[in-house]
Each structure stands twice: as C-alpha cells, then as structure tokens.
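Residues per chain are reported as follows:
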Amino acid sequence: MANSCLCCQLPVDEGGRHHAKCLRALWGKAAAPKIPFAPADLPAKVTAAADHMSISGVQAKALVRLSNTSEIEVAPTGSTHILKPEPNEYPGLPAMENACMSMAASLGMSVPPHGLFPMSDGRLCYIIKRFDRTRDGGKIQKETMFQLLGAEDKYKGSLESVGKAIRVHAGNVGLDVIEFFERALFCFFTGNGDMHLKNWALLIKGRTAALAPCYDLVSSKVYIGNEEDSALTINAKKNKLKRPDFESLAANLGIDPKAAANSFAKFQASQEKLRGMAIDSELNPPMRQAFEDVIGERFRRIFPR
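The following refers to the structure shown. (Residues numbered from 1 in each chain as written. Predicted model: local features only at pLDDT ≥ 70, side-chain atom pairs only at ≥ 80, totals over all residues. Heavy atoms only, no water.)

## Some details on the overall build of the protein chain
Convention followed: The secondary structure listing takes helices from DSSP runs of H or I that are at least 4 residues long and strands from runs of E that are at least 2 residues long, numbered from the N terminus. The atom set for the radius of gyration is the C-alpha atoms, and the globule formula is 2.2 Å times the number of residues raised to the power 0.38. Buried residues are those whose accessible area, probed at 1.4 Å on protein chains only, stays under 20% of the maximum for their type, while exposed residues exceed 50% and partly exposed ones sit between those limits. By definition in these notes, contact holds between two residues if any of their heavy atoms fall within 4.5 Å. Charge assignment in this entry is limited to Lys and Arg as positive and Asp and Glu as negative, and neither His nor the chain termini are counted. Note that the charge is assigned to NZ on lysines, CZ on arginines, CG on aspartates and CD on glutamates.
The helix and strand inventory of the protein chain stands at ten helices and ten strands. Taking 19 Å as the expected radius of gyration for a compact globule of 305 residues, we find that the protein chain reaches 19 Å, a close match to that expectation. Dimensions of the protein chain, computed from the C-alpha atoms along their principal axes, are close to 55 × 45 × 40 Å. Sorting the 305 residues of the protein chain into buried and exposed places 52% on the buried side. By sequence separation, contacts in the protein chain at least 24 residues apart represent 65% of the contacts at least 6 residues apart. Counting 39 positive and 33 negative side-chain charges, the protein chain places the averaged centre of each group 4 Å from the other.

## Description of the packing of aromatic side chains
Condition: We call Phe, Tyr and Trp rings a pair once their centres come within 6.5 Å, taking the six-membered ring for Trp, and we label the pair stacked below 30 degrees between planes, edge-to-face above 60, and tilted otherwise. By definition here, charges over rings are those cases where NZ of Lys or CZ of Arg is within 6 Å of the ring centre and within 35 degrees of the ring normal.
Under the definition given, this model contains eleven aromatic pairs. Both rings, one in tryptophan 27 and one in phenylalanine 117, keep their centres 5.9 Å apart while their planes meet at 75°; by these two values the pair is edge-to-face. Here tryptophan 27 is found in helix 1 (residues 20–27), whereas its partner phenylalanine 117 is found in strand 6 (residues 114–118), with 90 residues between them in sequence. Exposure remark for phenylalanine 117: the relative accessible area of 1% places this residue in the buried category. The structure contains a cluster of three or more aromatic residues connected by ring pairs, namely Phe188, Phe189, Phe246, Phe267, Phe299 and Phe303. One Lys or Arg, arginine 243, reaches over the ring of phenylalanine 264 and ends 4.1 Å from the middle of that ring.

## Comments concerning helix 7 (residues 243–252)
Put simply, the rule reads: Throughout, the arc means the angular range of directions from the helix axis out to the C-beta atoms.
By the burial criterion, the buried members of helix 7 are Asp245, Phe246, Leu249 and Ala250. For helix 7, the angular spread of buried residues about the axis comes to 140°, placing them on one side. Within helix 7, the exposed residues directed more than 90 degrees away from the buried face are Pro244 and Ala251. Contacts made by the buried residues of helix 7 are with helix 4 (159–169), helix 5 (173–189), helix 8 (257–269) and helix 10 (285–302). Glycine 254 sits one or two positions beyond helix 7 and adopts a positive phi of about 80°.

## Quick look at the nonpolar core
The condition that has to hold: Side-chain atoms within 4.5 Å link the members of a nonpolar core, which is a set of buried Ala, Val, Leu, Ile, Met, Phe, Trp, Tyr and Cys residues.
Membership of the largest hydrophobic core comes to 66 residues, with the highest contact counts inside it found for Met96, Ile166, Phe181, Leu217, Tyr223, Phe246 and Phe291. Among the elements that make up this core, the one with the highest residue count is helix 5 (nine residues). Once residues lying within four places of it in the same chain are set aside, the contact partners of phenylalanine 246 are Phe181, Ala184, Leu185, Phe188, Ile234, Leu241, Phe264 and Ile302. One finds Cys22, Trp27, Leu42 and Phe117 within the second-largest nonpolar core, a separate group that totals 18 residues.

## Describing the packing of helix 4 against helix 5
Cut-off, in case you're wondering: To define axes, lines are fitted to C-alpha atoms, for helices over the stretch in contact only, and angles between the resulting N-to-C directions are given on a 0 to 180 degree scale. Reported orientations rely on four angle classes, namely roughly parallel under 35 degrees, roughly antiparallel over 145, roughly perpendicular from 65 to 115, and oblique for the rest. Note: crossing handedness is left-handed where the near helix turns anticlockwise from the far helix by less than a right angle, and right-handed where it turns clockwise. Residues are sorted three ways: Asp, Glu, Lys and Arg are charged, Ala, Val, Leu, Ile, Met, Phe, Trp, Tyr, Cys and Pro are nonpolar, and all the rest, Gly among them, are polar.
Contact geometry for helix 4 and helix 5: axes closest at 9 Å, N-to-C directions at 160°. When the axes of helix 4 and helix 5 are compared, the pair comes out roughly antiparallel. You can see that helix 4 and helix 5 cross each other, and the crossing is right-handed. Two secondary-structure elements touch here, helix 4 through Leu159, Val162, Gly163, Ile166 and Arg167 and helix 5 through Val173, Asp176, Val177, Phe180 and Ala184. Classifying every residue of the contact of helix 4 with helix 5 by side-chain character gives seven nonpolar, one polar and two charged.

## Describing the environment of leucine 159
Along the polypeptide, leucine 159 turns up in helix 4. In this structure leucine 159 comes out as buried when scored by relative accessible area, which is 4%. Leucine 159 sits 62 residues away from glutamate 97 along the chain, and the two C-alpha atoms are 22 Å apart. Contact partners of leucine 159, with chain neighbours within four places excluded, come to Phe180, Ala184, Trp200, Leu232, Thr233, Ile234 and Leu249.

## A look at the pairing of strand 5 (residues 81–84)
Each regular strand shows side chains that alternate between the opposite faces of the sheet. What counts, and what does not: At least two DSSP bridges between two strands are required for those strands to pair.
Here strand 3 (residues 62–66) runs beside strand 5; their pairing, made up of three bridges, is antiparallel. Bridge assignment links leucine 63 to a residue of strand 5, and that residue is isoleucine 82. In this structure, strand 5 lies alongside strand 7 (residues 124–129), joined through four bridges in antiparallel fashion. The residue of strand 7 that forms the bridge with isoleucine 82 is isoleucine 128.

## Focus: the state of the cysteines
Formally: Two cysteine sulfurs form a disulfide in these notes if their separation is within 2.5 Å.
Going through the model one piece at a time under the given rule, you end up with zero disulfides. Cysteine 7 takes part in no disulfide bond, and the closest cysteine sulfur to it belongs to cysteine 5, at a distance of 4.4 Å. A disulfide-free cysteine, cysteine 187 has its sulfur positioned 7.7 Å from the sulfur of cysteine 214, the nearest such atom. A relative accessible area of 5% places cysteine 187 in the buried class.

## Things to note about the sheet that holds strand 10 (residues 208–211)
Remark on secondary structure: sheet strands pair via backbone hydrogen bonds, oriented parallel or antiparallel. What the three strands build is an open sheet, ordered 8-9-10; its pairing is antiparallel. Either end of the sheet is taken by a strand with one partner, and the two such strands are strand 8 (141–144) and strand 10. Pairwise comparison of adjacent strand axes, ignoring direction, gives a mean angle of 30° for this sheet. Pairing between strand 8 and strand 9 (residues 201–205): four bridges, direction antiparallel. Across the sheet, the residue bridging to glutamate 143 is leucine 202, located in strand 9.

Given below as structure tokens:
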C-alpha cells in the first residue's frame, strides 16, 4: 500500500513521503529540506487569550527560509515560510492543520503550498509558504478584518460584517464572496470555531484587493469540546447553527439562492471525501475518529435526513 503525501495526503507511488510536485510548489526543488532543530530550540512565543480558550493563543510560529545548504533556518527577516511545531497543549496540531488545509484544497479553495516535515527530534511540524511575499522577496500588503473593521476584540464581530468588507474592498466581488461563503461552510463542517477576525484577510496589490488564501484552518472542536460553533456570529448566533443560518448569511452577502444551493450541494457531495481524509490523516487513531465524528455531526445538522 502506497504512503500518503505529507503535503496533499494523496498516495505517493514513487516512494518517500512527499510528491515531487508538492515539494517543488513549496520549496522550488523536488527534495525535502532538513530541519536541524527541535521545538525546544525555538524561542517560546506563547500568548494567552484572556477570555477565550484559543488554539492560536498557544501555538508558536517561526519565520523560516531555505538555506544555501538546503536546511531550514530561522529568519526573523527575509523569511519565505512559516513553521509551526507541535505544541504540548495540543498534540498532533500540525497534522490537524495540514489535514484541514488539504481538505480545503481538495474542494478547490485557494490554499498556499504547505506540508509536514520532521524536526530533529522526529516530531512533525507544519510549514506553509508565505502568501504575502512576492517571488523576489517583496512584501504584499495584507490587511486582516481585525484591522479593516477597526475591531478591539478579534472574537467580537460577525461573518456578515466580514462579508460586507469583502464586498466593499474586493476587486472581483462575485468570486470572493462565493469563496468566503464556502470557507465559512467549510469551517463549520470541519469544526473550526476559532476563525476570528484575524483569520480573515485581504491581500492588496496596488489598487486591487482580493480575499487572501486560506490559513490557520484547524478543527478546534476536536481539542476544545465545549467550544462554540463559530468564533464570529452568523445570523446573530454562535451556537446551534443550522442550514437556515447559512442561507441567511448567503442572502446577506447578496449571493443568488441558486448559487448558494450549488455550494451546499458541493459540500454534500464531498462529505465522504472529507471524512475519509480525516481518517487517513497523520493524526493518531483516536483523534482521527474524533475528527471524523465532528464532521459527521456537522453534516447531519446541515443535511438532516
């Protein structure tokens, strides 16, 4: 039986644990880099959320790049990638994020190159290519919804307000609004209750703004059992969300009912694929099952029999 790629989760027939094409997309070469350090070697960068248990509040992130010797090196300036080691508080989180990002990519969403790689202690870390950098290292302006909306608390706001900001600023409103709506559905189906205002952003190039690619996608519900369905309100609710709430969101975004119905149908047809990707992920067996259970419960809520 073939291994699955530690980037896209699809079978690897050529041996190893990464597709050559996935490595080229991530690093520009078909060879996996060596990481000569372990999580303990990275400086702690832990921030505590005062009133909200948050995965993003405890996960360290290191800015890195590929050295001339094809090793990963920490690069406070001139970084091209972001490395996330496994936090002790949330075991398997790199594998969880990689699985969620691969799921989103499988549905056609905009996802940067990413993957799992062993650190010097053998534990897997998650690495994603920075989407706010140009090929020559220049910076692309990124504005989070926390900034655009002038918010004071990243957990206080609504997806309707995020959608309104997209409608005001995006150059291709139609495509970006549909993508935003489908990402909101995706976060619900995968149990992501941590998509706050800083996890939605626009990229600005000159006078053109567009919805930034996906980032920080995780099934936080697997780790935080009592977490709310959504970090931001949908139809004035954060919990007990059902299909009418998302239909209300689509209407608020100005999405044609037929287009919204197509988005629901797209997810309904993808249920088994998403559940299979949860089971085939690099998570440990109990967490794989917990992840699939979350997905199954969410689909039953939107598509009751």
